[in-house]
Amino acid sequence: MDTTQQTGEPGAAERRRRELLEAADRVVLRDGPKASMNAIAAEAGITKPILYRHFGDKAGLYQALAVRHTDALLDSLRAALDAPAERRSRVESTLDTYLAAIEARPQVYRFLMHPAEDSHAAERGFDVGLHSAPLLRRLGEELAQVIGERVDLGPGGERLARIWGHGIVGMMHAAGDWWLGERPCERAELVAGLTDLLWGRLATAGNRADGPGF
């Protein structure tokens, strides 16, 4: 029996929520997009109504998992961007960090980005696209902020930084999705190819005088 609703203790409720997300992660790692609320509830040792009480519905659980994994990915991307290295090396490291993350946990990636074709009837109304788009927008805005803070793009630079940020994330997502599905080359070859594609104006733009450099 789940008692966090009865105790009213914020700490206990937060711990229970974290435990449920960890149970959901285990099911997603096993089942990918086919992960169901029934399977997650069973993994957590609770009934589905209790799971609903914590997250509302599959969309609520999806959002909580998305935030959990996106936060971790952003931390890794920021570390790659902040590493003391030459600019091209940091661009390559950042691209590689993203691709390594989806390669390491492909079932999690597919759960967050792809619907299951044979989802349980009660969950067929769940629209993955409706929920995955904000994840990509968040990544785009985060990267735009990094670019805007570090690279001198001249007049209209803030707007151009957003164009680049969302464009680079779109490229990473599309190329990564294709690569993860087909594995046409080694990850290092994909990273090098994408870096070459980016290595135009970004390579020659000067750093901002008031920024940490890029």
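In what follows, the structure referred to is the one given above.
For clarity, every value in this text was computed on a predicted model and none was experimentally measured.

What counts and how
- Residues numbered from 1 in each chain as written.
- Predicted model: local features only at pLDDT ≥ 70, side-chain atom pairs only at ≥ 80, totals over all residues.
- Heavy atoms only, no water.
- Helix = DSSP H or I, 4+ residues; strand = E, 2+ residues; numbered from the N terminus.
- Buried < 20%, exposed > 50% of the residue type's maximum accessible area, 1.4 Å probe, protein only.
- Contact = heavy atoms within 4.5 Å.
- Axes fitted to C-alpha atoms, helices over the stretch in contact; angles between N-to-C directions.
- Parallel < 35°, antiparallel > 145°, perpendicular 65-115°, else oblique.
- Left-handed = near helix turned anticlockwise from the far one by under 90°.
- Nonpolar A, V, L, I, M, F, W, Y, C, P; charged D, E, K, R; others polar.
- Phe/Tyr/Trp six-rings, centres within 6.5 Å; stacked < 30°, edge-to-face > 60°.
- Lys NZ or Arg CZ within 6 Å of the ring centre and 35° of its normal.
- Expected span 1.5 Å × (residues − 1).
- Polar contact = N/O pair within 3.5 Å; in protein donor to acceptor, adjacent residues only side chain to side chain.
- Core = buried A, V, L, I, M, F, W, Y, C linked by side-chain atoms within 4.5 Å.
- Salt bridge = Lys/Arg side-chain N within 4 Å of Asp/Glu carboxyl O.

Peer 1: Honestly, the overall build of the chain in this entry has me stumped. Any pointers?
Peer 2: When helices and strands are tallied, the chain shows eleven helices and zero strands. When the 214 residues of the chain are sorted by exposure, 44% land in the buried category. Within the chain, contacts between residues at least 6 apart in sequence are counted, and of these 69% link residues at least 24 apart.

Peer 1: What's the story with the environment of Glu-103 in this structure? I'm lost.
Peer 2: Considering the arrangement of structural elements, one finds Glu-103 in helix α6 (residues 87-104). Given the relative accessible area of 25%, Glu-103 is considered partly exposed. Sequence separation of Glu-103 and Arg-187 is 84 residues, and the distance between their C-alpha atoms is 9.1 Å. Those residues in contact with Glu-103 that sit more than four places away from it in its chain are Trp-179, Leu-180, Arg-183 and Arg-187.

Peer 1: Help me understand the packing of α6 against helix α10 (residues 187-198) in this model?
Peer 2: Between two packed helices, what matters for the description is the angle formed by their axes and the separation of those axes. Orientation of α6 relative to α10, taken along the N-to-C sense of each, is 135 degrees, at an axis distance of 9 Å. Taken together, α6 and α10 sit at an angle that is classed as oblique. Judged by the twist between their axes, the crossing of α6 over α10 is right-handed. For the pair formed by α6 and α10, the contact residues are Arg-88, Val-91, Glu-92, Leu-95, Asp-96, Leu-99, Ala-100 and Glu-103 on the first element and Arg-187, Leu-190, Val-191, Ala-192, Leu-194, Thr-195, Asp-196 and Leu-198 on the second. Looking at side-chain class alone, the contact of α6 with α10 contains nine nonpolar, one polar and six charged residues.

Peer 1: Before we go on, may I ask you to explain the packing of aromatic side chains in this structure?
Peer 2: Two aromatic rings are characterised by how far apart their centres lie and by the angle between their planes. Counting across every chain of the model gives one aromatic pair. Arranged with centres 5.9 Å apart and planes meeting at 35 degrees, the rings of Tyr-62 and Phe-111 form a pair that is tilted. Separated by 49 residues along the polypeptide, Tyr-62 in helix α5 (residues 58-82) and Phe-111 in helix α7 (residues 106-113) bring together distant segments of the chain. Judged on exposure class, the residue Tyr-62 and its partner Phe-111 are both buried. Geometry around Phe-214 places Arg-90 over its ring, the cationic atom sitting 5.6 Å from the centre. Looking at Arg-183, its charged tip hangs above the ring of Trp-179, at a distance of 4.7 Å from the centre.

Peer 1: Got a minute to help me understand α5 in this structure?
Peer 2: Since the α-helix packs 3.6 residues into each turn, any two residues three or four apart lie on the same face. In this model, α5 (25 residues) spans 36 Å end to end at C-alpha, consistent with the 36 Å of a helix rising 1.5 Å per residue. Its side-chain oxygen placed 3.1 Å from the backbone nitrogen of Ala-59, Asp-57 serves as the N-cap of α5.

Peer 1: Please explain the nonpolar core as it appears in this structure.
Peer 2: Among soluble globular proteins, nonpolar side chains are generally buried collectively. Within the largest apolar cluster, 59 residues are counted, with the highest numbers of intra-cluster contacts made by Leu-51, Leu-61, Leu-95, Tyr-98, Leu-112, Ile-147 and Leu-153. At ten residues, helix α9 (residues 157-182) tops the list of elements feeding residues into this core.

Peer 1: Quick question: what am I supposed to make of the pattern of salt bridges here?
Peer 2: Close approach of charged atoms allows side chains with opposite charge to pair. For the structure on display, the rule yields 16 salt bridges. Here Asp-31 and Arg-30 are joined by a salt bridge, their closest N and O atoms 3.0 Å apart. Here the residues in one salt-bridge network are Arg-26, Arg-30, Asp-31 and Glu-43, joined through shared partners.

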